[in-house]
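Commentary on secondary and tertiary structure
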Amino acid sequence: MLTIVALISGSGSNLRALLEACDSPLYPAKVRAVGADRPAAGLEHAELFGVSTFVLEPNKFSSKEQWADLLLHSIQFHKPDLVVLAGFMRVLPKSIIDALPGKIINIHPSLLPAFPGAHAVRDALAAGVTMTGATVHIVDAGIDTGPVIRQQEVAIPAGISETELHERIKEVEKTQLVGVIKDIAEGRINLAEVAN
Ligand code: GRF
């Protein structure tokens, strides 16, 4: 059984999809804890599924290092095989990435390397492209730069709003995330190989 700590910042719809998948005895992963950098609405999903939660707000610490230390401690307490950034809108401190090499994955609403950063959907619309998508990748020290694990395209119809496009991408992200984690757990994806 692959054990997971998930980190979120927002509504947690991807987390919800993962928790629903993990609820099946046939699914080979379990979420042990969900952490957030703010009192995120998505924490409710964890509570509903009986998964423990923790909130660590950086501005409540005297330094970024102190925040990073406690975040790392809180993750490691649960001894996860995998850390999943499921809409965690903050660059993970390098100390955490170094402490969990190749064990952190992120979801991103574009076809990376196109449109990295916090406004990927808006940026794709502004660029006038007709195709965007969803990416799952290994987290490295850069912003959305780590090795890609899986991508799927999403078409951009003319006149679609940012909210509607993001919702369409999230539907793809959910299936992609649940599928990638299953493949990691069952050995079809080897993160060490993807990283090299
Ligand atoms: C997703 O689109 C994810 O790719 C991005 O933030 C969004 C999170 O959505 N990093 P939700 O909180 O899972 O609904």
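Model, not experiment: these values are computed from the prediction.

**Thoughts on the sheet that holds strand S3 (residues 52-55)**
As summarised here, the arrangement of the seven strands in space is S3-S2-S1-S4-S5-S6-S7, forming an open sheet in which the pairing is mixed. Because the sheet does not close on itself, it has two edges, and the strands there are S3 and strand S7 (148-155). Averaged over all neighbouring strand pairs, the angle between strand axes comes to 20°, with direction disregarded. Relative to the sheet, helix H1 (residues 13-22) contacts strand S1 (2-8), strand S2 (29-36) and strand S5 (104-108), its axis offset from that of S2 by approximately 150°.

**As for the UniProt feature "domain: Formyl transferase N-terminal" (unreviewed entry) in the chain**
Here, UniProt's "domain: Formyl transferase N-terminal" (unreviewed entry) annotation points to residues 4-181. Along residues 4-181 one finds 35% helix and 24% strand; the C-alpha atoms at either end are 9 Å apart.

**A word on the pattern of salt bridges**
Taken as a whole and judged by the stated rule, the model has twelve salt bridges. Among the salt bridges present, the one from Glu162 reaches Arg122, with a minimum N-O distance of 3.4 Å. One end of the pair, Glu162, is in helix H6 (residues 162-185); the other, Arg122, is in helix H5 (residues 120-127), with 40 residues separating them in the sequence. Take Arg122: its relative accessible area is 41%, and that puts it in the partly exposed class. Through salt bridges with shared partners, a single ionic network connects Arg150, Lys182, Asp183, Glu186 and Arg188.

What counts and what doesn't
Residues numbered from 1 in each chain as written. Predicted model: local features only at pLDDT ≥ 70, side-chain atom pairs only at ≥ 80, totals over all residues. Heavy atoms only, no water. Pairing = 2+ DSSP bridges. Helix = DSSP H or I, 4+ residues; strand = E, 2+ residues; numbered from the N terminus. Axes fitted to C-alpha atoms, helices over the stretch in contact; angles between N-to-C directions. Contact = heavy atoms within 4.5 Å. UniProt positions renumbered as here; feature names shortened; annotations may be inferred. Salt bridge = Lys/Arg side-chain N within 4 Å of Asp/Glu carboxyl O. Buried < 20%, exposed > 50% of the residue type's maximum accessible area, 1.4 Å probe, protein only.

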